[in-house]
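# Per-entry structural report
For reference, the chains in residue letters:
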Amino acid sequence: MSIYQVGLLVQVCINILLGMSVYVALSTRQLNLGAAGFMAVGAYTAALASLAGIPISASLFLGMLATMVVGLLIGLPALRVSGIYLAMATFAFGLVVESIFLVLPFAGQARGLAGIPPVEPIVVFAWTAIALGGVFLLTRSQFWLRVRSIHDDEFAASMSGLNVTTVKISMFGLSGALAGLAGGVYAHWFVYVEPSAFSVEVSIFAALYVIFGGSRSFWGPVVGATILTLLPEYARGLDAWRPAFIGVVLLVMLILRPSGLIGRGTSLRSLLARRVRRSS
Amino acid sequence: MLLQLIVNGLLLGGIYALVALAFSLNMGILGVLNLATPQIFLFGALVGLDLLNGQVPFVFVLLGSMAIGGVLALILELVGYRFVDKSDIVVTLLTTVAFGLVLENIAERVWGSQAQFFPKSDLASRIDLGPVNVSAVQLLGIGLAIVLVAGLAATVNRTALGRSLRAVAQNRDAAVILGLRVRRAEVATFLISGVLAGGAGLLLGLNYGVISLDFGITIGISGIAAMILGGVDNLWGAVVAGPLLGLATVLGTSYLGANYNNLLVFGLLAVALVVRPQGLLGKTSHHVYRRV
Amino acid sequence: MKTRKPRQSMVALFGVVTVLSLVATGCSATDATGGTDGETVKLGAILPITGPVSEWGESNGAILKMLQSDVNADGGINGKQLEIVIYDSGAKGVEAGNLVRKLASEDNVLAIMGPFTSSEAEVAFPVANQMKIPMTSQASSKPGVAEANRPWAFRNTVDESIYLKAVVPAMVEATGAKDITIAYDSADAVGSSLGTKILPSVLEGAGLKVVNPDNPVTFGTTDIDLKAQAGTIASGGADAVGVGAFYNGAAKLLRAMDQQGLKTPIFGGSTLVSANILEAAPDIPIFSAGTYYPGVESAEDWTKRAVEVFAAEKVPGAPTMFDSQLYEIGLMYVEAIRAENLDKEDLVAAREGIRDFMTNLKGFDGLTSKISMKESGDASRDFFVIRGEDGAWSELKKVSP
């Protein structure tokens, strides 16, 4: 495997984490369109920590922690709004974060932060595996039943004694943590951060990974992020028309199969089993 | 100087109001945040510029820009929106995003990503009114916004089409069951919002003498912000909030610098969304939660 | 509301995606053979062909086509054909970083030309050092970027502070300016460096007074309404405006100034130089600097041929100094390979050889000047102070290091 392909894999990991961030929030019907903002918090925190001499893994952890706190703080007022309004509020939040980093004196402002110590790919893969493993176990746990019931009918869930508030806020915190890890990895892989790297585009694509891959299954964001990261690489021959190509693929996807590639309650085993059965 | 800033801000807000109206129509009636609106806006400006360079009289240029805006919005409706599950906010949103991606790519290939300069026009030249000066285009912007809203308000409240729009806004499924011409209402909504966006694009380009692809995101955010501040389902809210937002932007940049100004505006927007999502003139909050 | 059976829509979807992917893959047949396979010598290039500076990327692409055919018509490199592999970064640092890896490990090129912007360079240069492949930027001018990435990163550009130290006296001579306003793009890295550090220090050194030292005029790259800024400039009463921004922001500022009837001249570094900015306000003089402008005597032939190539490739506009600087980088690489016979199979030796050639570059024959490489990785060379007015650039004077 060439170092280029390894680099692509790192990119895929970052995007999977971003997609997963949107996924966990979306599982409680909270559309987080501010993933880039959380990512920025994680990236800058981790970068500043590393530049101050803290070892990379510890910096990544600090980044996650900081972003989780921000997520929890955002989660509280987020309870007041729902649906598209929450989406717009998180969208505004993303913009606010980008502006904050443009004015913070110690974060390099428009000049950005350079010279961040680079991270080994294996560290990235390890962290991604741990994070994904954690989320996977979460989706197989009792707690996830609460999440699903809130998704299916929040009112009924609250009537049956579920503490909806706690669940929704913690999902926002988790959403933040995952995006924060993505940011930390980004900072240490590309060794340079500037505010414009955390643009609206990043947030929108994070949501796209989930919708494209399947918003009702853990594997959805994984598949979605992988395909949407690798597809532009294979479409290089189209160079100047790549964005339009992506747009068309997305449109087709959204119209033909809006639930995403992976349906609800699909485990990897059943997916493979179905394939085998069909071919035999 | 301050007075001139205020005038500039209010009149910039006229253009924001038009864009906010475009967003507001889609949001208020169909519940969809149409993120292809900025690209439709840009197309209106760019096509208008081509027409101007072709010596076409101004009235037809304005009509042309509005027409291209309407056509593009119509295509979006027919190719994308029509087929998706209207109650799924994420999918409808991303459908408009995907369409916007395609439009942006086309614009970049056809016109390039450079700033395009508008020929010097009499419409943009300054008219001195005492201590301040304005241009005909600026006045046209705010005038058009007021006229269009009045027209829209009349349509919505008094015509059959307006009735079907209001019915769809309230409860689409019920409207279908009642046999109302829901498809026609949806198509009309997109068409009108596209016309507004296209026209606004031309006016902006004329006013500042330049149009650039990177205006898209700024216009999009400002339009959405004005829509929210004014109240999503209130058309007059856009006319009020647009100028206020324009004022805040211009004054903020002048006194705080460009970076702090962004922080201020976006921060206010985020707070407003949480504290009073129905905006300044919107209806009571329970309506907001039930709508989506 | 349509409800398709899940399996049907799944099949339909896979079908569509497969077809689209095949189309896409078919369109991108990259040749992943070695850097020198007996027949060709490969160089790589990372250009911003799509994105906010796509015009620059497109003209760069055309110039590289010209380079390739020029070299091959001249007998190639030690008998082998030159092949330049070009990838689009969209002016994004992330893409540029990935593409260095791709060019180095899959296309196995000997050296890389690019990236264009400093933001890309901040990401791509460290990767070039990791991959141990020489990389030279044709346009990055944010101070210190190459310096922080020795020994494999180079820039065939002149540091902006050196440009400005020459532009300011020339501007003063032409306009008699004494009081200066500073305006800069606070959302952009290069713009901010220019506006907050470089311009103030150069102006102080030249004994000029800044009218707004604590409250400079700022704008964002994508800002629409610059009337307020133009108004501030007007009321400040300065004789000239020092602009720290790329031409896309500066052009909008110029148009806003023009709309208010201002004729205050502006000046700045090479970031202003483009054909586009000349359209904004033809009446307002722009003082800037660069290593090339169309019409420069020493590169007349080259300009003529470049214009022909642009017409053939349907590239709008005229060649810029970023095109000439890119072409020169190509010439340097080719010369390195020819002179040191680096076209053998050994990639590592070839890359090290090119790196050493670039590090020790002295008196290399560029298009408009002899070029030497400084220890910092930036180029030392002649350049021109130029004045833009009425839609064209003209030379004010030539400056040697």
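Rules of the game
Residues numbered from 1 in each chain as written. Chains lettered and ligands numbered in written order. Predicted model: local features only at pLDDT ≥ 70, side-chain atom pairs only at ≥ 80, totals over all residues. Heavy atoms only, no water. Helix = DSSP H or I, 4+ residues; strand = E, 2+ residues; numbered from the N terminus. Areas by Shrake-Rupley, 256 points an atom, 1.4 Å probe, with all protein chains shown as cover. Lys, Arg positive; Asp, Glu negative; His and termini not counted. Charge placed at Lys NZ, Arg CZ, Asp CG, Glu CD. Buried < 20%, exposed > 50% of the residue type's maximum accessible area, 1.4 Å probe, protein only. Pairing = 2+ DSSP bridges. Core = buried A, V, L, I, M, F, W, Y, C linked by side-chain atoms within 4.5 Å. Domains from an automatic or database assignment. Contact = heavy atoms within 4.5 Å. Buried area = accessible area lost by both parts, 1.4 Å probe. Salt bridge = Lys/Arg side-chain N within 4 Å of Asp/Glu carboxyl O. Polar contact = N/O pair within 3.5 Å; in protein donor to acceptor, adjacent residues only side chain to side chain. Nonpolar A, V, L, I, M, F, W, Y, C, P; charged D, E, K, R; others polar. Phe/Tyr/Trp six-rings, centres within 6.5 Å; stacked < 30°, edge-to-face > 60°.

Before going further, it helps to spend a moment on the overall build of chain C. Regarding its fold elements, chain C presents twelve helices and 16 strands. Considering only C-alpha atoms, chain C reaches an extent of 70 × 65 × 40 Å along its principal axes. For chain C, the accessible area works out to roughly 14300 Å², and carbon and sulfur atoms hold 52% of it. The positive charge centre, built from 36 side chains, and the negative charge centre, built from 50, are 6 Å apart in chain C.

Attention now goes to the pairing of strand 9 (residues 240-244) of chain C. All names here are of chain C. With five of its five residues buried, strand 9 lies for the most part within the structure. The alternating pattern of strand 9 places Ala240, Gly242 and Gly244 and Val241 and Val243 on opposite faces, both of which are buried. Across five bridges, strand 6 (residues 179-185) lies against strand 9 in parallel orientation. Counted as the bridge partner of tyrosine 184 is glycine 244 from strand 9. Sheet analysis places strand 9 next to strand 10 (residues 266-267), joined by two bridges and oriented parallel. In the sheet register, valine 241 faces strand 10, and the bridge partner there is isoleucine 266.

What follows is about the nonpolar core. Inside soluble globular proteins, nonpolar side chains tend to come together where they are buried. In terms of nonpolar packing, the biggest core is built from 307 residues, with Leu33, Phe41, Leu204 and Met227 of chain B together with Phe267 and Ile277 of chain C touching the most fellow members. Looking at which element gives the most residues to this core, the answer is helix 1 (residues 2-30) of chain B, with 15 residues. Composition of this core by domain shows at least three residues from each of domain 1 (40-158 + 296-382) and domain 2 (160-290) of chain C. Judged by nonpolar contacts, the second largest core, of 21 residues, contains Tyr87, Ile112, Phe125 and Met131 of chain C.

The next subject is the interface of chain A and chain B. In this complex, chain A contributes 38 residues to the contact, which on the side of chain B involves 42 residues. Regarding the contact of chain A and chain B, the summed buried area is about 3700 Å², with carbon and sulfur atoms giving 82% of it. When residues of chain A are sorted by the area they lose upon contact with chain B, Ile84, Tyr85 and Met88 of chain A head the list and together hold 18% of the total. The interface formed by chain A and chain B includes zero salt bridges. At the junction of chain A and chain B, the tally comes to three residue pairs in polar contact (both at pLDDT 80 or more). Put simply, the parts of the chain that give the side of chain A that touches chain B at least two residues each are helix 4 (83-103), helix 9 (200-213) and helix 11 (242-256) of chain A. With 13 residues, the single largest contributor to the side of chain A that touches chain B is helix 4 of chain A.

With 36 residues of chain B in contact, the opposing surface of chain C contributes 36 residues. Between chain B and chain C lies a buried interface of about 2800 Å² when both sides are counted; carbon and sulfur atoms form 50% of it. Together, Gln114, Phe117 and Tyr208 of chain B form the three largest contributors to the area buried by chain B at its contact with chain C, with a combined 24%. Where chain B packs against chain C, one counts two salt bridges. Linking chain B with chain C are 17 residue pairs in polar contact (both at pLDDT 80 or more). Elements with a contribution of two residues or more to the side of chain B that touches chain C: helix 1, helix 4 (89-111), helix 8 (182-208), helix 9 (215-230), helix 10 (235-256) and helix 11 (258-275) of chain B. With four residues, helix 8 of chain B is the largest single contributor of residues to the side of chain B that touches chain C. Class assignment of the residues belonging to the side of chain B that touches chain C gives a composition of 17 nonpolar, 13 polar and six charged.

Let us now look at the packing of aromatic side chains. Residue and element names in this part refer to chain C. Per the counting criterion, the structure on display carries 22 aromatic pairs over all chains. Ring centres of tryptophan 302 and tyrosine 327 lie 5.5 Å apart, and the angle between their planes is 70 degrees; this geometry places the pair in the edge-to-face category. On the criterion of sequence distance, the pair formed by tryptophan 302 in helix 10 (residues 300-312) and tyrosine 327 in helix 11 (residues 321-339) is long-range, its members being 25 residues apart. In terms of burial, tryptophan 302 and tyrosine 327 fall into one category: buried.

Residues and elements named next belong to chain C. Entries for chain C in the domain assignment read domain 1 (40-158 + 296-382) and domain 2 (160-290). One C-alpha centre belongs to domain 1, the other to domain 2; they are set 30 Å apart. With ten residues of domain 1 at the contact, the number on the domain 2 side is 14 residues. Summing both partners gives a buried area of about 1100 Å² for domain 1 against domain 2, and 68% of it is carried by carbon and sulfur. Sorting the residues of domain 1 by area buried against domain 2 places Trp56, Val158 and Met321 first, and these three jointly supply 45% of that buried surface. At the junction of domain 1 and domain 2, the tally comes to zero salt bridges. Considering every element that reaches the side of domain 1 that touches domain 2, the biggest residue donor is helix 11, with three residues.

Residues and elements named next belong to chain B. The residue leucine 191 is located in helix 8 in this model. Taking C-alpha positions, leucine 191 is 5.6 Å from leucine 74, a pair spaced 117 residues apart along the chain. Aside from chain neighbours lying at most four places away, what touches leucine 191 is Gly70 and Leu74.

Residue and element names in this part refer to chain B. Summarising the sheet, strand 2 (residues 126-129) and strand 3 (residues 132-135) pair through four bridges and their orientation is antiparallel. Bridging from a neighbouring strand, arginine 126 pairs with serine 135 of strand 3. In sequence, strand 2 turns back onto strand 3 through a hairpin of two residues, with glycine 130 there showing a positive phi of about 75 degrees.

Looking now at the side chain of threonine 253 of chain B. Relative to the helices and strands, threonine 253 of chain B is located in helix 10. Here the side chain of threonine 253 of chain B touches asparagine 261 of chain B through a polar contact of 3.1 Å, side chain to side chain. Not counting chain neighbours up to four residues away, the residues in contact with threonine 253 of chain B comprise Ala258 and Asn261 of chain B together with Thr218 and Gln229 of chain C.

Turning next to the environment of isoleucine 277 of chain C. Structurally, isoleucine 277 of chain C is set in helix 9 (residues 276-280). Excluding residues within four positions of it along the chain, isoleucine 277 of chain C makes contact with Tyr247, Ala250, Ala251, Leu254, Leu272, Ile286 and Trp393 of chain C.

Attention now moves to unusual backbone geometry. Each neighbour pair has its own omega, and for glycine 114 of chain C with proline 115 of chain C the value is -5 degrees, a cis peptide bond. Within the fold, proline 115 of chain C resides in the loop between strand 3 (112-113) and helix 4 (118-131). The amide bond that connects arginine 150 of chain C to the next residue, proline 151 of chain C, takes the cis arrangement and shows omega of 0 degrees. For glutamine 109 of chain A, which is not glycine, the phi torsion reads 50 degrees and is therefore positive. Relative to the assigned elements, glutamine 109 of chain A resides in the loop between helix 4 and strand 1 (113-114). Of note in the backbone geometry, asparagine 78 of chain C takes a positive phi value of approximately 50 degrees without being a glycine. With respect to the element layout, asparagine 78 of chain C can be found in the loop between helix 2 (54-73) and strand 2 (81-88). On the basis of relative accessible area, asparagine 78 of chain C is assigned to the partly exposed category, the value being 37%.

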